[in-house]
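Observations on the three-dimensional arrangement
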Amino acid sequence: MINLRLLDDETYRAGAILKGATSEQLDELASAEELRRTMLTEVENLRSQSNAVSKEIGQASPEDRPAKIDAANVLKTELKEKEAALSVQQAAVDALVLHIPNPAHESVPGGGEEDFELVITVGAQAPPPPMDHGEFGASLGWVNTEKGAEVSGSRFAYLQREAVLLEFALVQWVMQKLVARGFIPTVPPVLVREQMMIDAGFFPTDENQVYAVTEDELYLVGTSEVPLAGLHRGDRLDLADLPLRYAGFSSCFRREAGTYGKDTTGIFRVHQFDKVEMFIWSDPAKSWDEHELLLEIEREILDDLALPYRVINVAAGDLGNPAAKKYDCEVWLPSEGAYRELTSCSNYTDYSARRLGTRAKGESGTEFVHTLNGTACAVGRMLLFLMEHYQQADGSFAVPDVLQPFCGFTTVGARN
RNA sequence: GGAGAGGUGGCCGAGUCAGGUCGAAGGCGCUCCCCUGCUAAGGGAGUAGGCGGUUUAUAGCCGUCUCGUGGGUUCAAAUCCCACCCUCUCCGCCA
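Small disclaimer: the values here were computed from a predicted structure and weren't measured. All residue numbers refer to positions counted from 1 along the written sequence of the respective chain. Note on labels: chains are lettered from A, ligands numbered from 1, in written order. pLDDT decides what is reported in this predicted model: residues at 70 or higher carry local features, side-chain atom pairs at 80 or more are listed and counted, and totals for whole chains, interfaces and linings draw on all residues regardless. Only hydrogens and water are set aside; all other atoms, that is, all heavy atoms of the structure, feed into the side-chain values.

What follows deals with the packing of aromatic side chains. By convention, a stacked pair of Phe, Tyr or Trp rings (six-membered ring in the case of Trp) has centres within 6.5 Å and planes under 30 degrees apart, an edge-to-face pair has planes over 60 apart, and any other such pair is tilted. In the structure shown here, the tally under the stated rule is seven aromatic pairs. For the pair Phe136 and Phe397, a centre-to-centre distance of 6.3 Å together with 40° between the ring planes defines the contact as tilted. With a gap of 261 residues between them, Phe136 in helix α4 (residues 133-139) and Phe397 in strand β17 (residues 397-398) connect regions that are remote in the sequence. Comparing Phe136 with Phe397, the two get one shared label, buried. The interplanar angle of 55° and the centroid separation of 6.4 Å between the aromatic rings of Tyr390 and Phe397 together place this pair among those described as tilted. Aromatic ring contacts, followed pair by pair, group Phe136, Trp142, Tyr390 and Phe397 into a single cluster. When the ring centre of Phe268 is taken as reference, the NZ or CZ atom of Arg381 above it lies at 3.9 Å. In DSSP terms, a helix is any run of H or I states spanning at least four residues, a strand is any run of E spanning at least two, and both are numbered starting from the N terminus. Burial classes follow relative accessibility: with a 1.4 Å probe on protein chains only, a residue under 20% of its type's maximum area counts as buried, one over 50% as exposed, and anything between as partly exposed. Two conditions define a charge located above a ring, namely a distance within 6 Å from the ring centre to NZ of Lys or CZ of Arg, and an angle within 35 degrees of the ring normal.

We now examine the packing of helix α6 (residues 162-180) against helix α9 (residues 287-304). Two elements in contact, α6 and α9, have axes separated by 12 Å at closest approach and are oriented at 140°. Taken together, the axis directions place α6 and α9 in an arrangement best described as oblique. Our pair here, α6 against α9, has a crossing hand that is right-handed. Along the contact surface, α6 presents Trp173, Val174, Lys177 and Leu178, while α9 presents Ile297, Glu300, Ile301 and Asp304. Under the grouping applied here, Gly and all other residues not named as nonpolar or charged are polar, the nonpolar ones being Ala, Val, Leu, Ile, Met, Phe, Trp, Tyr, Cys and Pro and the charged ones Asp, Glu, Lys and Arg. Here the residues of the contact of α6 with α9 sort into five nonpolar, no polar and three charged. Convention adopted: a line fitted to C-alpha atoms gives each axis, helices being fitted over their contacting stretch, and angles between N-to-C directions are expressed from 0 to 180 degrees. Each angle is binned into one of four classes, with values under 35 degrees roughly parallel, values over 145 roughly antiparallel, values of 65 to 115 roughly perpendicular, and all other values oblique. Left-handed describes a crossing whose near helix is turned anticlockwise from the far helix by less than a right angle; the clockwise case is right-handed. We call two residues in contact whenever any of their non-hydrogen atoms come within 4.5 Å of each other.

On to the sheet that holds strand β1 (residues 117-122). By this definition, two strands are paired if DSSP reports at least two bridges between them. Spatial strand order, β1-β11-β12-β13-β16-β10-β9-β4: eight strands in an open sheet with mixed pairing. At either end of the open sheet lies a strand with only one pairing partner, and these are β1 and β4 (184-186). When strand polarity is set aside, the average angle formed by the axes of neighbouring strands in this sheet is 25°. By the bridge criterion, nine bridges tie strand β12 (residues 325-333) to strand β13 (residues 338-347) in an arrangement that is antiparallel. Pairing of Lys325 across the sheet is with Asn347, part of β13. Its contacts with the sheet put α9 on β1, β9 (244-253), β10 (272-282), β11 (309-313), β12, β13 and β16 (370-378), and the angle it makes with β13 is roughly 150°. Across the sheet, helix α11 (residues 379-389) lies against β10, β12, β13 and β16, angled at about 35° from β12, the strand it touches most.

For each domain, the first and last residues come from an automatic or database assignment. Along its sequence, chain A is carved into domain 1 (22-97) and domain 2 (113-412). Placing a centre on the C-alpha atoms of domain 1 and another on those of domain 2 gives a separation of 47 Å.

Okay, the environment of Lys325 next. Looking at the element boundaries, Lys325 is found in strand β12. Sequence separation between Lys325 and Cys345 is 20 residues, and the spatial gap between their C-alpha atoms is 8.4 Å. What Lys325 contacts, discounting residues up to four positions off in sequence, is His105, Ser107, Val108, Trp288, His291, Glu292, Asn313, Leu319, Cys345, Ser346 and Asn347. Pairs of N or O atoms are called polar contacts if they sit within 3.5 Å, as long as, within protein, a hydrogen donor faces a hydrogen acceptor (for residues adjacent in sequence, only side-chain-to-side-chain pairs). One polar contact links Lys325 to Tyr327, side chain to side chain, over a distance of 3.1 Å.

Glancing now at the pairing of β9. For β9, the buried fraction is high: eight of the ten residues fall into the buried class. Note that β4 and β9 share three bridges and pair parallel. Its bridge partner being in β9, Ile184 is matched across the sheet by Tyr246. Pairing between β9 and β10: ten bridges, direction antiparallel.

Let's shift gears to the nonpolar core. Counting residues in each nonpolar core, the largest one holds 57 residues, and the members touching the most others are Trp142, Leu170, Met382 and Phe397. Examining the composition of this core, we find that nine residues originate from one element, α6, more than from any other. Put simply, a nonpolar core is a bunch of buried Ala, Val, Leu, Ile, Met, Phe, Trp, Tyr and Cys residues held in one set by side-chain atoms that sit within 4.5 Å of each other. With 24 residues, the next largest nonpolar core counts Ala200, Val210, Val221 and Val226 among its residues.

Written out as structure tokens, the structure is:
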């Protein structure tokens, strides 16, 4: 949700237009909001009169009351009409606001999906291994997609054997890294109410990507970002306590509607996976530093695992409504000969906090905090990259050095 | 799943049965001032938030809304009615 007060601000408008909003849209909202305020003033004036009359009635003598009550009733009728009109107008404004994106930061390139800015490329583009991650996972008995499909449908899989131990090693390794950086480890609820989905900005836009448990009116989260955002909903934080950094671990559930036939190999795109997510509540003045911190952590994880990757600064048109800026870390997937997204981190500035109602109190008053989120480790997808980069010529697997202390073995011999 | 109790300001807590003088007693905490060798104690004053208007202003002033949330009754609701949400206790069940 944007700040309606800034609709006339030229830089603000320019940023929003870069994100795909039209200047007609912005004007329409601005005039709807102006009308809303005019109507609000009228309503409040009537209420004021009405309150004054009521007070008089309380103090009036019994014989004076009937006449005053009649007068109050006239005001009341008028007030009801104006209030009804106001709430219609309010709804109109609300509907318009939902489609206005958070303006892009000045450092974000314009354009769409192909117009990203390449920030850095690290490592060499390795040649394809003997087996792609799908074949390799099956050969070691790590991934069973057939049984997954039988039991739950396509895009579900069983993860087994060393892959599970590697998952736990990854989670533990990443968590410890984050704890060392001051993140609070958190296992959040994965079923949330509809209101939480709305407040976190996932409804109504992404409603068709979310599993619903209709019987209980709950929804399965697609990322722990949702419940982490709920952790300080409606709170007034102290600026001195910021940043508050959380590391959430949860299973994530995504319907992946509209992706039929895409990424069908192995576990690249599945309905259920585990993820360690970073979420930061930041002092508005320092959120860009926090954003760089998120990127630094994501890069450190990739560097430690010696994965070749590139970082892109996603173009404005490809950002999605809440993000003012987003970095994607794309890791080289040898079997496809392409960089594929593994992690990303975004600065939502005050866009999400305004809807969540999360403010911070500092010396210069109270203001909305900034929120940021980033992937620390999307486990399934991380494993798949490891399966290609750490696959040996003889079909065995060499455990990355940094994970060895956490999983208790260093190699996995070829099977079959 | 069954039964009961309860949600009031930063915190605790009165007010709800008898609707108006209640955005709310009292206490704690916090801020400022006084007193005081220091500290403690003591005296005085102040202290909820959102929104709108006015304004150079996040100051002040005016208005409005908010006593879990949303409706309703009424000239008038913390107080009466309805629905929902949440918390706690007991029983049952359970990893």
